[in-house]
Amino acid sequence: MSSSASPSVPTTANELRRAFTNFFAERQHVAVDSASLIPHDPTVLFTVAGMVPFKPYFVGDEVPPFSRAATVQKCARAGGKHNDLDDVGRTKRHLVFFEMLGNFSFGDYFKESAIPWSWELVTERLGFDGDRIWVTVHTSDDEAEAIWHEQVGVPMDRIQRLGDKDNFWQMGDTGPCGPCSELHIDRGPAFGPPGGPLNDPHGDRFMEFWNLVFMQYNQAPDGSRTLLPKPSIDTGAGLERILALVQNKDSVWETDALFPIVEAAQSVTGARYLVGDYEDRGSFSLRVLAEHARSSTMLVSDGVFPSNEGRGYVLRRIIRRAVRHAFMLGTESLVMPKLVDTAISVMGEAYPDVVRQKDFILSVLTKEEERFRQTLKTGLGILSDEIDEAVRHSRGISGSTAFLLHDTYGFPLEVTEEIVAERNVTIDTAGFEEEMGRQRQRAKAARKGAAHGPERMDQYREILDASGQTEFLGYAEDSTRSRVVAVVELEDGDLEVFLDRSPFYAESGGQVGDTGTITGPDGTLKVLDTTFALPGLRRHLCRPLGGDVAVGQEVEASIDIERRTAIRRHHTATHVLHWALREVLGDHVKQAGSLVDDERLRFDFSHYAAVGPDELRAIEELANGVTLRNTGVAADEMDKDAAMERGAIAFFGDKYGDRVRVLSAGPSVELCGGTHVSATGDIGIIKITSESSIGANLRRVEAVAGMRTLELARSYEGALGETARLVGSPVDDVVGGVAKKIEEIRNLSDENKTLRGRLATGRAAELSAGAVNGVVVARVDDLAPSDLRELALAVRQQSAVTAVVLGGVASTGGVSLVAAVNPAFAVPAGTLIRDAAKAVGGGGGGKGDVVTAGGKNPDGLDEALRLAREAAGV
């Protein structure tokens with residue numbers, strides 16, 4: 001660092017964020033707020049870099065609303081291809097959650113500006129010593145090298161060339177790509193030998209802190225590259241890394257972005273943090289606690305909740321890894337509340353939403369810690385014993401043990417792997433996967449693959465380039481005269497039809513796509529669905545009903561009005577329900593997904609407990625109060641900032657530009673591009689049909705509105721009438737009639753039990769006559785397991801009997817075994833049938849004077865009884 005640093009040099013994380021965005025705002029960049037950690041890009045689990053929200057602009061799917069942008073982007077790398085989770089705490093720099101500073105040019109400036117600006121920012125605004133900065137460029141990039149040397153003035157001996165592995169960036173196998181240039185700072189001889197980045201593969205001495213990507217090529221499927229007509233800039237600098245340099249700290253852990261949380265971890269655990277000591281186990285655990293508390297806080301704030309799949313599984317793994325490290329430090333009390341509270345204080349100025357959601361974030365993470373701590377101690381005990389056995393016998397941990405820990409004790413496999421690795425023990429992961437397959441099919445994580453190959457996507461881009469976006473007229477029109485701009489024939493004979501203008505709503509924001517017809521001079525097509533091929537380009541999936549349509553023809557595009565009307569009702573009802581849920585349950589309720597079609601609505605939301613009957617009634621009453629008041633529904637376009645000032649709530653999964661559509665339905669104010677009724681009374685009666693859990697801290701309600709509510713009422717009425725007929729009571733006294741029938745059934749059951757007892761007593765005397773040395777072993781088929789048990793007890797009560805084993809093919813299917821012994825009998829009941837149970841393909845045994853077992857192999861029953869006799873010594 002320069003010793004003559006200007007007073008304007010940032011000294012805190014908040015100052016650094018402002019310094020970066022202000023620098024580029026002065027150079028005509030739009031300062032764009034951070035996007036969510038939950039990306040719209042389905043190819044990544046989390047937002048892993050600053051360019052992810054801008055990917056549609058770089059690949060040409062969308063026209064950017066600005067030519068220059070600067071962001072401080074929230075990022076997370078855990079799970080999937082980008083995964084730094086296992087390195088957290090072990091190194092000076094790796095984090096799950098981090099912030100990426102970036103400036104972007106979408107076909108505007110290129111290397112000639114990006115390179116000098118990066119130098120100006122770090123040397124003049126951040127106060128870095130230019131004599132300590134080294135630069136790397138791609139081996140082929142003469143242009144970048146010349147700018148660094150001739151325009152910026154970096155000596156040639158501090159500019160090094162590296163190959164594709166280090167200095168070439170690709171988005172994928174095809175698409176935009178280009179060389180990159182990285183800025184490194186020399187931290188001095190204490191961190192390694194001289195020689196620049198080329199001689200420092202781990203970056204300990206020559207630490208990389210900013211990467212400038214020059215997108216100048218388009219790569220084809222055959223690997224060939226052509227120059228892009230409008231090359232672009234994408235840069236990324238880790239805030240925490242730069243902060244460590246600005247604050248003259250050895251690692252990110254000592255910066256003001258993380259050290260307050262490390263101190264909180266010390267306070268709550270009683271452990272002492274040793275700065276710079278990466279061998280000390282306690283300091284390692286404190287770093288893990290600090291990072292995972294911060295990353296968990298930010299993930300929950302953006303709508304990720306602990307679950308057993310996708311992003312939620314990654315979050316659960318992060319939380320449980322933190323709790324395990326607290327347990328290793330001997331901390332019996334909860335750690336998350338204190339750590340999360342501190343993380344919110346640290347991050348709150350930059351991200352006010354975490355402050356607004358503080359109570360909810362604390363509730364989610366505290367409950368998750370409480371849940372895991374209940375089983376952690378037992379699970380660790382089991383694993384410790386298994387590790388001791390594995391070490392003793394020089395073997396690994398079996399897949400079945402790893403699965404037991406996962407399924408019963410909530411240990412993610414990765415946590416178990418981390419624990420056993422500390423003792424140099426391995427896990428049979430193949431066996432674990434086999435157990436997982438036999439037990440259940442876990443829902444696959446949070447991502448859908450691309451629906452079409454790259455060739456089809458290129459075809460869509462050609463249509464979009466040639467004809468532009470589809471003009472949507474469906475807010476006001478049900479039928480439109482349109483021109484066919486493209487037709488794609490599919491293998492099954494269906495067609496994808498593209499129009500210049502359309503009344504058909506394309507599936508988005510939870511609302512399904514419209515259906516209807518497209519009629520031209522030569523035929524009619526049935527529209528089966530409407531989706532987006534690319535943003536703004538509507539794809540009408542059609543099936544010919546007779547004749548065909550051709551490119552250039554004028555056609556009549558007409559939606560199914562009755563279906564659309566039902567969809568409108570359900571969509572506006574979803575908004576009203578969302579408002580009512582927040583009124584009754586609290587502002588922490590956030591939409592986590594939705595489905596709106598003509599049959600029903602489904603709404604997924606964040607909440608930490610089941611919604612009780614009284615709460616559901618209150619929600620229904622509030623929602624239907626809105627419909628009965630029949631207030632107008634208004635849709636207004638405005639700037640996004642103005643919409644936020646009005647209190648508009650953004651819906652999950654929707655993507656918004658600078659101009660947004662605000663839907664007001666009574667007290668509900670939402671950002672929404674869907675189709676809606678004109679007044680709340682058009683919704684009709686809203687009826688919630690179900691409420692359920694879809695994961696930890698995630699609930700789902702389903703409901704109907706309009707004619708569907710009437711149909712539901714009629715079905716209930718029919719079921720009620722049929723129930724009344726079956727129990728022989730009037731409809732208005734059907735509850736009393738059912739109660740009476742239940743009482744009759746209960747009385748008959750009691751009589752039946754008494755009769756079975758008498759029968760068992762009679763058979764007991766008969767069976768006891770065959771006792772050998774006081775032991776009865778006999779086969780009795782066609783009894784339910786409970787009846788076989790009662791019979792065994794009756795036999796044991798006979799005066800000459802000290803032990804009894806009965807087996808039979810049960811009336812309910814399968815094999816039942818029962819052993820009952822007097823306390824004085826030498827062999828425990830469980831021992832009598834332990835091997836017998838195995839003979840019938842089952843399990844059993846246990847403790848106590850009466851033990852039952854079952855099996856699936858009736859052919860082994862006689863052998864089972866022989867083994868029981870052998871165990872009894874008769």
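In this report, the structure presented in the accompanying data block is examined. Model, not experiment: these values are computed from the prediction.

This part takes up the environment of Ser363. Assignment of secondary structure puts Ser363 in helix 12 (residues 358-392). When its relative accessible area of 16% is taken as the criterion, Ser363 is described as buried.

In this model helix 12 runs 48 Å from its N-terminal to its C-terminal C-alpha over 35 residues, within 8% of the 51 Å that 1.5 Å per residue would give. The axis of helix 12 is deflected most strongly, by about 40 degrees, at Leu376.

Remember that side chains alternate between the two faces of the sheet whenever the strand is regular. With respect to burial, strand 27 (residues 803-809) is a largely interior element, six of its seven residues being buried. Here five bridges tie strand 26 (residues 775-779) to strand 27, and the two strands are oriented parallel to one another. Within strand 27, the residue paired with Arg779 across the bridge is Gly807. Taking the sense of rotation as the criterion, the β-α-β connection linking strand 26, helix 22 (residues 785-796) and strand 27 turns out right-handed. Where strand 27 meets strand 28 (residues 815-821), seven bridges bridge the pair, whose relative direction is antiparallel. Residue pairing for strand 28: Val804 is matched across the bridge by Ala820.

Turning next to the sheet that holds strand 19 (residues 601-606). The strand order across the open sheet built from four strands is 18-19-25-24, with neighbouring strands paired in antiparallel fashion. Because the sheet does not close on itself, it has two edges, and the strands there are strand 18 (591-596) and strand 24 (687-695). Mean inter-strand twist for the sheet, computed between neighbouring axes without regard to direction, equals 15 degrees. Its contacts with the sheet place helix 17 (residues 561-585) against strand 18, strand 19, strand 24 and strand 25 (698-704), and it is angled at close to 30 degrees to strand 19.

This part takes up the environment of Gly192. Structurally, Gly192 can be placed in the loop between strand 7 (175-186) and strand 8 (206-219). Its relative accessible area of 21% is what places Gly192 among the partly exposed residues. Each C-alpha atom, one on Gly192 and one on Asn167, is 22 Å from the other, the two residues being 25 residues apart in sequence.

If you trace the backbone, Thr416 turns up in helix 14 (residues 413-421). Judged by relative accessible area, Thr416 falls into the buried class, the value being 0%. Not counting the four nearest positions on each side in its chain, Thr416 is found in contact with Leu383, Leu405, Phe411 and Ile427.

The subject of this paragraph is the pattern of salt bridges. Counted according to the given criterion, the structure contains 48 salt bridges. For Glu368, the salt bridge goes to Arg371, with nearest N and O atoms at 2.9 Å. Residue Glu368 and its partner Arg371 are both found in helix 12; the two are separated by three residues, about one turn of the helix. Among the salt bridges present, the one from Arg600 reaches Glu702, with a minimum N-O distance of 2.8 Å.

Now for empty space enclosed by the protein. Under the counting rule described, the total for this entry stands at one cavity of 30 Å³ or more. As a volume, the largest cavity reaches approximately 50 Å³. The element best represented in the lining of the largest cavity is helix 6 (residues 239-246), accounting for three residues. Of the residues that constitute the lining of the largest cavity, the class distribution is four nonpolar, one polar and six charged.

Time to look at the side chain of Glu145. Topologically, Glu145 is positioned in helix 4 (residues 142-152). For Glu145, a relative accessible area of 16% corresponds to the buried category. If sequence neighbours within four positions are ignored, Glu145 has contacts with Val137, Met156, Ile159 and Arg161.

Time to look at the packing of aromatic side chains. The relative placement of two aromatic rings is captured by the distance of their centres and the angle of their planes. In the structure shown here, the tally under the stated rule is 25 aromatic pairs. When the ring of Phe305 is compared with that of Phe360, the centres are 5.7 Å apart and the planes differ by 70 degrees; the resulting orientation is edge-to-face. Here Phe360 lies in helix 12 and Phe305 lies in the loop between helix 8 (281-301) and helix 9 (310-328), a separation of 55 residues in the sequence. Given the relative accessible area of 4%, Phe360 is considered buried. Each residue in the set Phe54, Tyr57, Phe58, Phe66, Phe104 and Phe106 is aromatic and connected to the rest through ring pairs, giving one cluster. If you follow Arg661 out to its NZ or CZ, it ends over the ring of Tyr475, 3.6 Å from the centre.

It is worth spelling out the pairing of strand 25 at this point. Counting buried positions along strand 25 yields six of seven residues, so the element is predominantly enclosed. Pairing analysis gives six bridges linking strand 19 to strand 25, with the strands arranged antiparallel. Looking at strand 25, one finds that Phe603 is bridged to Val701.

Once that is clear, we can look at the nonpolar core. Formed by 133 residues in total, the largest nonpolar core has its most connected members in Phe128, Trp148, Phe209, Trp210 and Ile242. For this core, the element with the most residues is helix 12, which contributes eleven residues. Counting contributing residues, this core receives three or more from each of domain 1 (11-250) and domain 2 (256-426). Once residues within four sequence positions are removed from consideration, Trp148 is found in contact with Ile115, Ser118, Trp119, Val135, Val137, Gly153, Val154, Ile159, Ser181, Leu183 and Leu212. Grouped together as the second largest cluster of nonpolar side chains are 27 residues, Ala623, Val626, Val677 and Ala703 included.

Turning our eyes to something else, we now look at the sheet that holds strand 14 (residues 516-520). One closed barrel accounts for six strands, arranged 11-12-16-15-14-17; its pairing is antiparallel. Taking each pair of neighbouring strands and ignoring which way they run, the sheet shows an average axis angle of 45 degrees. As paired strands, strand 14 and strand 17 (residues 554-559) are joined by four bridges and run antiparallel to one another. Pairing of Ile518 across the sheet is with Ala557, part of strand 17.

What counts and what doesn't
- Residues numbered from 1 in each chain as written.
- Predicted model: local features only at pLDDT ≥ 70, side-chain atom pairs only at ≥ 80, totals over all residues.
- Heavy atoms only, no water.
- Helix = DSSP H or I, 4+ residues; strand = E, 2+ residues; numbered from the N terminus.
- Buried < 20%, exposed > 50% of the residue type's maximum accessible area, 1.4 Å probe, protein only.
- Expected span 1.5 Å × (residues − 1).
- Bend = angle between axes of the 7 residues up to and from the residue.
- Pairing = 2+ DSSP bridges.
- Right-handed = clockwise from strand over helix to strand, strands pointing away.
- Axes fitted to C-alpha atoms, helices over the stretch in contact; angles between N-to-C directions.
- Contact = heavy atoms within 4.5 Å.
- Salt bridge = Lys/Arg side-chain N within 4 Å of Asp/Glu carboxyl O.
- 1 Å grid on protein atoms, 1.4 Å probe; cavity = no way out; pocket = protein on both sides within 12 Å on 5 of 7 lines; lining within 4 Å.
- Points joined across faces, edges and corners; volume = space filled by probe spheres on them.
- Nonpolar A, V, L, I, M, F, W, Y, C, P; charged D, E, K, R; others polar.
- Phe/Tyr/Trp six-rings, centres within 6.5 Å; stacked < 30°, edge-to-face > 60°.
- Lys NZ or Arg CZ within 6 Å of the ring centre and 35° of its normal.
- Core = buried A, V, L, I, M, F, W, Y, C linked by side-chain atoms within 4.5 Å.
- Domains from an automatic or database assignment.

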